[in-house]
Amino acid sequence: MDAVRCAVEVQRGMADRNADTPEDKRITFRLGINLGDGVNVAARQEALGEPGGVCVSRVVRDQV
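(A) Quick peek at the overall build of the chain. Scanning the chain for helices and strands turns up 3 helices and 2 strands. From first element to last, N terminus to C terminus, the chain shows the α and β order α-β-α-β-α. Expressed along its principal axes, the backbone C-alpha trace of the chain runs to roughly 40 × 20 × 15 Å. Looking at the chain residue by residue over its 64 residues, the buried ones come to 23%.

(B) Quick look at the pattern of salt bridges. Counted according to the given criterion, the structure contains 2 salt bridges. Of the charged contacts in the structure, one is a salt bridge between Asp 2 and Arg 5, with a shortest N-O distance of 3.2 Å. Taken as a pair, Asp 2 and Arg 5 lie in helix α1 (residues 2–18) at a separation of 3 residues, close to a single helical turn. A salt bridge links Asp 62 to Arg 61, with the nearest nitrogen and oxygen atoms 3.1 Å apart. Judged by its relative accessible area of 53%, Asp 62 falls in the exposed class.

(C) Just the environment of Gly 52, in detail. For Gly 52, the position within the fold is in the loop between α2 (39–48) and β2 (54–56). For Gly 52, a relative accessible area of 41% corresponds to the partly exposed category. In this view, Gly 52 contacts Gln 11, Thr 28 and Phe 29; residues no more than four positions away in its chain are not counted.

(D) Spatial organisation of the environment of Gly 53. Tracing the sequence through the fold places Gly 53 in the loop between α2 and β2. Separated by 35 residues in the primary sequence, Gly 53 and Asn 18 place their C-alpha atoms 14 Å from one another. Beyond its immediate chain neighbours, meaning those up to four positions away, Gly 53 contacts Gln 11, Phe 29, Arg 30 and Leu 31.

Calculation notes
Residues numbered from 1 in each chain as written. Predicted model: local features only at pLDDT ≥ 70, side-chain atom pairs only at ≥ 80, totals over all residues. Heavy atoms only, no water. Helix = DSSP H or I, 4+ residues; strand = E, 2+ residues; numbered from the N terminus. Buried < 20%, exposed > 50% of the residue type's maximum accessible area, 1.4 Å probe, protein only. Salt bridge = Lys/Arg side-chain N within 4 Å of Asp/Glu carboxyl O. Contact = heavy atoms within 4.5 Å.

In C-alpha cells, the structure reads:
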C-alpha cells in the first residue's frame, strides 16, 4: 500500500508541477509496481504504463 500511495503522490505532484509548464518542458513519469519478483517485472510494467500513470502487477492489485 505504501508504494501505491507514494506512486499516486508522485504522479499528482508532477501533474501539479506541469500544470503551468509548456508541454515541451514538462516532465512525466511512468511508474511500475510489482511485489516479489524484483525490479525486472516492475520495469516491464512501467514500460506498459501511460505517461503520468501507475501500472501495477496483478499481485499488487490483489493485495491493494
